[in-house]
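Secondary and tertiary structure notes
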Amino acid sequence: MKSSLFKKILSMMLALSIFSMSALALELDTSVDEEIRKHYNPSQIEKDLLPPLTKTEVETSSVPKLPATGSDQTVPSTPPPKILPTITDTDKKAPKRIQNLPGQENNKNYSREGIAAIKIKKGTKFKVKSLTAISDYTAENATMSFKTTESVTKRYVTIPAGTIFKATIEETHPPQFTGNGGLIVINVDRMIFRGVTRKVSAKITKANGKKIFVNNIKGKRQYWKGVANSTKPGAKFYRKSMRATVKLAQNPWTLILTPFTAVAGVVVYGVNIVGSPVFAIFAKGGRISIPAGTEFEIKLLEDVYLD
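The sections below set out a description of the structure shown in this document. Quick caveat, the model's predicted, so the values are computed rather than measured.

When strand S2 (residues 125-130) meets strand S4 (residues 143-148), the two strands line up antiparallel, connected through 3 bridges. The residue of S4 that forms the bridge with valine 128 is threonine 148. Relative to strand S7 (residues 164-173), S4 runs antiparallel, the two sharing 5 bridges. Across the sheet, methionine 144 pairs through a bridge with alanine 167, a residue of S7.

This is the structure in structure tokens:
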């Protein structure tokens, strides 16, 4: 009983002490701020101490400025002038230029504006047939035409069969002495693709199934044939001399003459054989005559660009 009574008395004393305590609170003294505003201008201090804003920050700033209160009203605040960006000649958009494909600068038909070109790599070969008959007597700078017989497929493009190639005869000459044959040099310089003439650089690698070297179509060289032909007169004289010797030997009165005819035939034939390389210098080589419809092979020497 005593302990319970003691607890009740202790609880009542604790409750009375709590209720009798004064409330704790913070009280802010704003008089200091008022004293500062009387003697100093905060806005002017901010302008003097803080760095100025850049043009970009002034133009892009969208936060409105609050109106000044108290002593701030004594200092007029003017908004920064709006600075418009200046446009120089270098900032103006350059006019769109016409792009020329490589190798197509000198022909107005080859120019395209804003094109995406497809490249046909050099080394590409085309099987064609000639549409023009030519020979080693064809005049230089004459033109001839070819037509492709098979289509050629590359990435993004197919050159169909029937595409026309144009060529120029750069050099020709007929058969010459020393057994040198005729000559035809063909320069393939144009291609007509989808109705547009395009400049190309190509050469002939095959003509009528035969390989062509250095783009020169040569007539058959016939020097050694000339050497053999130059011995024919001596062989013919030798045979006649031998027949004469046989006839003289059949008659006893003419038998004494047989050594002369035999020796003459041998001497003439020997001189002819020894001199045949010299005589062959005056022999000419083979002719060249290529009819229309002959099969050729064309090889590109440079890349070709198609739009």
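This part takes up the layout of surface pockets. By volume, the second largest pocket is sized at about 380 Å³. For the lining of the second largest pocket, the elements supplying multiple residues, two or more each, are strand S10 (210-211), strand S11 (216-218) and strand S12 (289-290). Considering every element that reaches the lining of the second largest pocket, the biggest residue donor is S11, with 3 residues. In terms of residue class, the lining of the second largest pocket is built from 7 nonpolar, 6 polar and 5 charged.

Let us look at helix H5 (residues 223-230). Listing the buried residues of H5 in full gives Tyr223, Gly226, Val227 and Ser230. When H5 is viewed along its axis, its buried side chains cluster within an angular range of 105° and face the same direction.

How each quantity is defined
- Residues numbered from 1 in each chain as written.
- Predicted model: local features only at pLDDT ≥ 70, side-chain atom pairs only at ≥ 80, totals over all residues.
- Heavy atoms only, no water.
- Pairing = 2+ DSSP bridges.
- Helix = DSSP H or I, 4+ residues; strand = E, 2+ residues; numbered from the N terminus.
- 1 Å grid on protein atoms, 1.4 Å probe; cavity = no way out; pocket = protein on both sides within 12 Å on 5 of 7 lines; lining within 4 Å.
- Points joined across faces, edges and corners; volume = space filled by probe spheres on them.
- Nonpolar A, V, L, I, M, F, W, Y, C, P; charged D, E, K, R; others polar.
- Buried < 20%, exposed > 50% of the residue type's maximum accessible area, 1.4 Å probe, protein only.
- Arc of directions from axis to C-beta.

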